[in-house]
Amino acid sequence: IRMEIFPMSSISSDESNGNYSEEERSLFLGDLSCFCQEQDVYQFFQGCGEIESIRLMRSKTTNKCLGYGFITFLDINVLPIAMRLYGSVLLGRRVK
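Residues numbered from 1 in each chain as written. Predicted model: local features only at pLDDT ≥ 70, side-chain atom pairs only at ≥ 80, totals over all residues. Heavy atoms only, no water.

K.L.:
Pulling in residues and values, what's your account of the packing of aromatic side chains?
P.N.:
Under the counting rule described, the total for this entry stands at four aromatic pairs. With a centroid separation of 5.6 Å and 70 degrees between ring planes, the pair formed by Phe28 and Phe70 is classed as edge-to-face. Residue Phe28 is found in strand S2 (residues 26-30), and its partner Phe70 is found in strand S4 (residues 65-73); the two are separated by 42 residues along the sequence. Residue Phe28 is classed as partly exposed on the basis of its relative accessible area of 42%. A ring pair is formed by Phe44 and Phe45, whose centres lie 5.0 Å apart and whose planes are at 80 degrees; its orientation type is edge-to-face. Owing to a relative accessible area of 1%, Phe45 belongs among the buried residues under this scheme. One aromatic cluster is present, built from ring pairs that chain together Phe28, Tyr68 and Phe70. (Phe/Tyr/Trp six-rings, centres within 6.5 Å; stacked < 30°, edge-to-face > 60°. Helix = DSSP H or I, 4+ residues; strand = E, 2+ residues; numbered from the N terminus. Buried < 20%, exposed > 50% of the residue type's maximum accessible area, 1.4 Å probe, protein only.)

Structure (structure tokens):
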């Protein structure tokens, strides 16, 4: 498994994201298409709030998405909004 981090913005130490860790501001994304790219996930979730990073797990041999990944938002308060998209279709698959 190869993990790539797709940063969406640069964050300086004086920007506030509360005292929440990256893990606390992240959501697991499952049942993604093997053709899914970080840009697809970005477009899917961009209306929820500012995205810090997207990490899709990829095959070492084919570089295709293994069907899961993580999205991290700058603001933890965005998570309930983003979770409303669970079950919505992205590239023919329902995001879980």
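Anyway, onward from the coordinates.
K.L.:
Now, about the state of the cysteines: what can you tell me, with residues and values included?
P.N.:
Enumeration over the complete set of coordinates arrives at zero disulfides. There is no disulfide at Cys34, and the cysteine sulfur nearest it, in Cys65, is 7.8 Å away. Judged by relative accessible area, which is 30%, Cys34 ranks as partly exposed. (Disulfide = S-S within 2.5 Å.)

K.L.:
I'd like to hear about the pairing of S4, residue by residue, with values.
P.N.:
Where S2 lies against S4, five bridges are found, and the strand directions are antiparallel. Bridging across to S4, Phe28 finds its partner in Phe70. Sheet topology places strand S3 (residues 51-58) next to S4; six bridges connect them, and they run antiparallel. The partner of Arg58 across the bridge, within S4, is Cys65. Linking two consecutive strands that pair antiparallel, namely S3 and S4, is a turn of six residues; a positive phi of about 65 degrees is found at Asn63 within it. (Pairing = 2+ DSSP bridges.)

These figures capture arrangement, not role.
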